[in-house]
Amino acid sequence: MYSTRVHESSISRFIPEVAQAIYKHLHIKYVKTPDTVGEWLTIAEEFDNLWQFPNCLGALDGRHIKFTPPRSDGSYFFNYKGDHSIVLLALADARYKFSYINVGCNGRVSDGGGFKDSALATAMSTNRLNFPPATALPGRIRPVPYVIVADDACPLKDAIMKPYPFRGLSHDERIFNYRLSRARRIIENAFGILANRFRVLLNPIHLRVTKVETITLACVALHNYLATENGNLYTDLNENDCTKEDINKISRQGGNKSTQNARDIREEFKQYFCSNIGSVEWQERAVNNYNM
């Protein structure tokens, strides 16, 4: 108000309208979920080239967008962190761009629960997104499906890869967890870039939930626009740094019930990452240094 000499009552009226217009005109081109085999293969190739994880179509996670709800909402948006929030569930490609978003789920719901009820989960179960057909990893024989990497909050499925449970890990399982976490942290980095550029997301937003959703959608659309048009200048992605040990110690992972086929697929990825073809020179040092 003081910098623009416009009263806050006026700002509160036109800012949401501008945010709606930003998302309306940008999301069609810049926040589009791939729906062809060719588009998915391009993402998978970049994940393999940049982060050494083949057959990967994206990294999935959720971020809490904190806000101050009206008293009439009670504890509906109250989350386990002691805040009120809605969840931004997102899928990111290898260059920190969001290829799918779902915003508005109340903060009490876990990332796994949010994914289960999302349009992405429904589309994956009916193959409406046209994922590429299963193919063998380099140097391997058994075909494995293209997958999305996630943390322990999501269930292990044929198309969802998550780490092994923390307790009693073998050497090869520690290698797999490191390689998967290295690819999965792309979504965490994307959230970090988003929030630090659009800093309204760093603190509780004192607006009702519909306006919080609008602001979040506009921020995501602008993030993808900048990442697409400005490339590495915006995301600060140095491709020379992508082929080295560059991950912090991963947190403990839990387990959910999974099918035998999903566990077999994870086993195939594990064997590939520990093979001469699939290993990277720094993975042994990484798991030993970070005691994974």
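What counts, and where the lines are drawn
- Residues numbered from 1 in each chain as written.
- Predicted model: local features only at pLDDT ≥ 70, side-chain atom pairs only at ≥ 80, totals over all residues.
- Heavy atoms only, no water.
- UniProt positions renumbered as here; feature names shortened; annotations may be inferred.
- Core = buried A, V, L, I, M, F, W, Y, C linked by side-chain atoms within 4.5 Å.
- Buried < 20%, exposed > 50% of the residue type's maximum accessible area, 1.4 Å probe, protein only.
- Helix = DSSP H or I, 4+ residues; strand = E, 2+ residues; numbered from the N terminus.
- Contact = heavy atoms within 4.5 Å.
- Expected span 1.5 Å × (residues − 1).
- Phe/Tyr/Trp six-rings, centres within 6.5 Å; stacked < 30°, edge-to-face > 60°.
- Salt bridge = Lys/Arg side-chain N within 4 Å of Asp/Glu carboxyl O.
- Axes fitted to C-alpha atoms, helices over the stretch in contact; angles between N-to-C directions.
- Parallel < 35°, antiparallel > 145°, perpendicular 65-115°, else oblique.
- Left-handed = near helix turned anticlockwise from the far one by under 90°.

Under an unreviewed UniProt entry, the chain has the name DDE Tnp4 domain-containing protein and belongs to Photinus pyralis. Per UniProt, the comment on the chain under Subcellular location (unreviewed entry) is "Nucleus".

Undergrad: Describe in detail the nonpolar core, supporting the description with residues and values.
TA: Generally speaking, a soluble globular protein has its nonpolar side chains buried in company with each other. With 85 residues, the main nonpolar core has W51, F53, L60, F98, M124 and F269 as its most contacted residues. By residue number, the principal contributor to this core is helix α5 (residues 171-197), which donates twelve residues. L60 has contacts with L89, A90, L91, F115, L120, I148, V149, A150, C154 and I187, leaving out every residue within four places of it along the chain.

Undergrad: I'd like a rundown of helix α1 (residues 8-30), residues and numbers included.
TA: Given a rise of 1.5 Å per residue, 23 residues ought to cover 33 Å, and the 31 Å separating the end C-alpha atoms of α1 matches this to within 8%. Residues of α1 that are buried: P16, A19, L26 and Y30. Where the residues of α1 are buried, they touch β3 (98-106) and α6 (209-229).

Undergrad: Now, about the side chain of R179: what can you tell me, with residues and values included?
TA: For R179, the location among the structural elements is in helix α5. Those residues in contact with R179 that sit more than four places away from it in its chain are Q52, F53, F273, G278, S279, V280 and Q283.

Undergrad: An account of the packing of aromatic side chains is requested, with residue identities and associated values reported.
TA: Applying the stated criterion to the full structure yields twelve aromatic pairs. Their ring planes at 25° and their centres at 5.4 Å tell us that F53 and F269 sit as a pair that is stacked. Residue F53 is located in the loop between α2 (37-51) and β1 (56-66), and its partner F269 is located in helix α8 (residues 260-273); the two are separated by 216 residues in the primary sequence. Overall, the relative accessible area of 0% leaves F53 in the buried class. With a relative accessible area of 0%, F269 lands in the buried category. Linked through ring pairs, F53, Y164, F176, F269, Y272 and F273 together constitute an aromatic cluster.

Undergrad: Would you mind going over the UniProt feature "domain: DDE Tnp4" (unreviewed entry) in the chain in detail, with residue names and values included?
TA: Mapped onto the present numbering, the UniProt feature "domain: DDE Tnp4" (unreviewed entry) falls at residues 60-224. Taken end to end, residues 60-224 has its terminal C-alpha atoms 16 Å apart, with 34% of it in helix and 20% in strand.

Undergrad: Just give me the short version of the pattern of salt bridges, but keep the residues and values in it.
TA: Scanning all chains against the criterion turns up seven salt bridges. E39 is the salt-bridge partner of K32, the closest N and O atoms lying 3.6 Å from each other. Residue K32 is classed as partly exposed on the basis of its relative accessible area of 40%. In this structure, a network of salt bridges that share partners links the residues K32, D35 and E39.

Undergrad: Any details on the packing of α1 against α6? Residues and values, ideally.
TA: One can describe the packing of α1 onto α6 by two numbers: an axis separation of 8 Å at closest approach and a directional angle of 45°. Classified by the angle their axes make, α1 and α6 are oblique. As for the relative orientation of α1 and α6, their crossing is left-handed in sense. Residues S12, P16, A19, Q20, I22, Y23, L26, K29 and Y30 of α1 form the contact with α6, whose participating residues are K211, T214, L217, A218, A221, L222, N224, Y225, T228 and E229.

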